[in-house]
Amino acid sequence: MTDHSQPSKSASLYDRAQRVLPGGVSRNTVLRDPHPLYAASATGCRITDVEGVERIDFSNNMASLLHGHCHEEVVSAVTRQLSRGSAWTLATEIEIEFAEHLASRNAGFEKMRFVNSGTEAVMGALKAARAFTGRAKIAKVEGAYHGLYDYAEVSQTAGPSTWGSLDHPQSVPVAHGTPPKLLSDVVVIPFNDSDRAVALLDEHADELACVLLDVMPHRVGLRPADADFVEAIRDWTKANGALLVLDEVITFRSEYGGAQSWYDIKPDITALGKAIGGGFPVGAIAGRAEVMDVMNPRAENLLFPHSGTFSANPVTLTAGLSALRLFDQDAVNRINAMATRARTEVSASIEAAGVRACVTGGGSIFRVHLKETPPTNYREAYLSPEESRKLKILLDYLFDEGLIMINTCTAVFSTAMEEADVDHLVAALTSGLKRL
Ligand SMILES: Cc1ncc(COP(=O)(O)O)c(C=O)c1O
C-alpha cells in the first residue's frame, strides 16, 4: 500500500524535475497525481520504485517489452555488443541479420529500413507512400494514435466540440500552430464503418497517397477491426492507385508475423516499432520491394532520400533480434493465451457483479472500459468526465494493489509472467471494479 501522507523520494525528485523538464516529465505517460513514481530497478515482470515498492508491470513500457525486464539472453547479447562499440559510420552485419529475421516472420516484409521510434517509422512510411504515388494526401482513422508526425497525429485529440459530423469528420490539429494547409491533406475516416470510410476516400480518390491504418487502435477502443472494414480499405486502395500503410507499432506483438495475419490482406508498407527493439528505441519501415525502393540511393532517380545518425543502431538491433528470436510461435501463443484468459475472466466478473464496464483487446493486450458495451469507434470510446474520474480511481487502486497498467486501464502481457500474475490482475480488477 502506498502511503501518500509521507514525503517520498519520488516527491523530492519530482520537485527537482519540475525545474528542468516541462511538467517535470519527458513523456506525459509517466505523469501521475500527485507526482510520478521513479523507477529504481526491474527484473522479469516486476519493477521496484525508489521507495522500494515492487509492482507487477502490466504496462511493459507501453507494450514495447515482450519478455519483461532484463531477460538474461538480451542483457548478455547487448553487453557483448556494447563492448565492441555502440554506433559506427560503417554498415553492420546485424542489420542484415535483423532484416532477414523480420522477413522470415512476414513474407510481405520484402525490404526494410530501420529508424529509432514508431513516430519515425510512421513518418517514413507516409513519405514513402507519397514518393511512390506522387500524391500528397493521406487518410487516417479518427482518434488513432500514430506518434508525433504532424500529418499522422491529426484528429488524435478531437473531441465532441471539434470532431464534426460522422459523415465528414474534421481534420483537427493536435499541436497549436499546426499549419492549417496541412489539415486539408489529411482525410479523417471513422473506424470500422466501411460505407462512410469509402465514401470519404472517394471524395479524394485521385489525391490520396495512402490510407494509414492500425487494425487494433488503442485510443479508438483497442478493438480488432472487422475483416470487412480492413478488406474494404485494401480493395479501395488497390482500385484507386493508393497504398495501404499498416501501423503495427503496437500490434506486431499480437501474432508471429503481426496482427495483419488476422486478415486476408497484404499491406504495401508496415510501420514497426516498440517490441522489435528488445527494450531499446526502435522503428522500422517494411514493405513491398518496389515501394521500399523509393529509398534506394542507387536508383537512377532517388525519390525519397532517407537517413538517420542512429538508424539501424547495432545495440538496438542486437537487443531486438535476441528478443524476437525468443518470441517464437510458442511464446506468442503463451502470452496470447494468458491475455485471453484474463479477458474472459474479467468479463465474467463484470457480468456477475453487474458493474458498468466491458473489455476489449486482442493478442496479448486488453483494455477495460467503464462503458456498458464495447466501443466500436473513437467517438464511442471517448471518455466522459465521469468515466475519466472513475478510471483514475480504478488505476490508483490497482497501483496500490501492486499493478502497473497503461493509463487507459490497458494491460499488456509478457513472457516473464506466470499464471499467478494473471490471477492477481483478475482479482484486483474484479475488486477494483466492484468498489467503483
Ligand atoms: C500505434 C502507434 N504508432 C506509433 C507510435 C509512436 O511510437 P513511438 O512512441 O516509438 O514514437 C505509437 C506509440 O505509442 C503507437 O502506439
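Before reading on, note that the structure itself is shown above.
Reference entry: report on the structure contained in this document. These figures come from a predicted structure and were not determined experimentally. (Residues numbered from 1 in each chain as written. Predicted model: local features only at pLDDT ≥ 70, side-chain atom pairs only at ≥ 80, totals over all residues. Heavy atoms only, no water.)

1. A closer look at the layout of surface pockets
The gaps left among the atoms become clear once a water-sized probe is rolled over them.
Then step 1. By volume, the second largest pocket is sized at about 670 Å³.
Then step 2. Residue lining of the second largest pocket: 23 residues in total, with A91, E95, R113, S311 and A312 positioned closest to the centre.
Then step 3. At the level of secondary structure, the elements contributing two or more residues to the lining of the second largest pocket comprise α4 (93-105) and β4 (111-115).
Then step 4. The class makeup of the residues in the lining of the second largest pocket is 13 nonpolar, 8 polar and 2 charged. (1 Å grid on protein atoms, 1.4 Å probe; cavity = no way out; pocket = protein on both sides within 12 Å on 5 of 7 lines; lining within 4 Å. Points joined across faces, edges and corners; volume = space filled by probe spheres on them. Helix = DSSP H or I, 4+ residues; strand = E, 2+ residues; numbered from the N terminus. Nonpolar A, V, L, I, M, F, W, Y, C, P; charged D, E, K, R; others polar.)

2. Re the packing of helix α3 (residues 72-84) against helix α11 (residues 314-326)
Then step 1. Packing of α3 against α11 brings their axes to within 9 Å, and their N-to-C directions diverge by 155°. As the angle between them shows, α3 and α11 are arranged roughly antiparallel. Relative to α11, the crossing made by α3 is right-handed. Taking contact as the criterion, the partners of E73, V74, A77, V78, Q81 and L82 in α3 are, on α11, P314, V315, T318, A319, S322, A323 and L326.
Then step 2. In terms of residue class, the contact of α3 with α11 is built from 9 nonpolar, 3 polar and 1 charged. (Axes fitted to C-alpha atoms, helices over the stretch in contact; angles between N-to-C directions. Parallel < 35°, antiparallel > 145°, perpendicular 65-115°, else oblique. Left-handed = near helix turned anticlockwise from the far one by under 90°. Contact = heavy atoms within 4.5 Å.)

3. Thoughts on the packing of aromatic side chains
Then step 1. A full pass over the atoms with the stated rule returns 10 aromatic pairs.
Then step 2. On the basis of an interplanar angle of 35° and a centroid distance of 6.1 Å, the ring pair of F109 and F252 is categorised as tilted. Here F109 is found in the loop between α4 and β4, whereas its partner F252 is found in the loop between β8 (243-247) and β9 (269-273), with 143 residues between them in sequence.
Then step 3. Given the relative accessible area of 2%, F109 is considered buried.
Then step 4. Relative to Y378, the ring of W163 lies with its centre 6.0 Å away and its plane at 75°, an arrangement referred to as edge-to-face. Taken together, the positions of W163 in the loop between α6 (150-153) and α7 (180-183) and Y378 in helix α13 (residues 378-381) put the pair 215 residues apart, joining distant regions of the chain. No difference in accessibility class separates W163 from Y378, as the two residues are buried.
Then step 5. Put simply, the rings of F58, F366 and F413 touch in pairs and so form one group of aromatic residues.
Then step 6. Geometry around Y256 places R105 over its ring, the cationic atom sitting 3.9 Å from the centre.
Then step 7. Note that R130 overlies the ring of Y151, its terminal NZ or CZ placed 4.4 Å from the centroid. (Phe/Tyr/Trp six-rings, centres within 6.5 Å; stacked < 30°, edge-to-face > 60°. Buried < 20%, exposed > 50% of the residue type's maximum accessible area, 1.4 Å probe, protein only. Lys NZ or Arg CZ within 6 Å of the ring centre and 35° of its normal.)

4. Examining the packing of helix α8 (residues 194-202) against helix α9 (residues 227-239)
Then step 1. At a minimum axis distance of 10 Å, the contact between α8 and α9 shows a crossing angle of 20°. As far as their axial angle goes, α9 and α8 are roughly parallel. Between α8 and α9 the crossing geometry is right-handed. Contact residues: α8 offers S194, A197, V198, L201 and D202, while α9 offers D228, F229, A232, I233 and W236.
Then step 2. Of the residues that constitute the contact of α8 with α9, the class distribution is 7 nonpolar, 1 polar and 2 charged.

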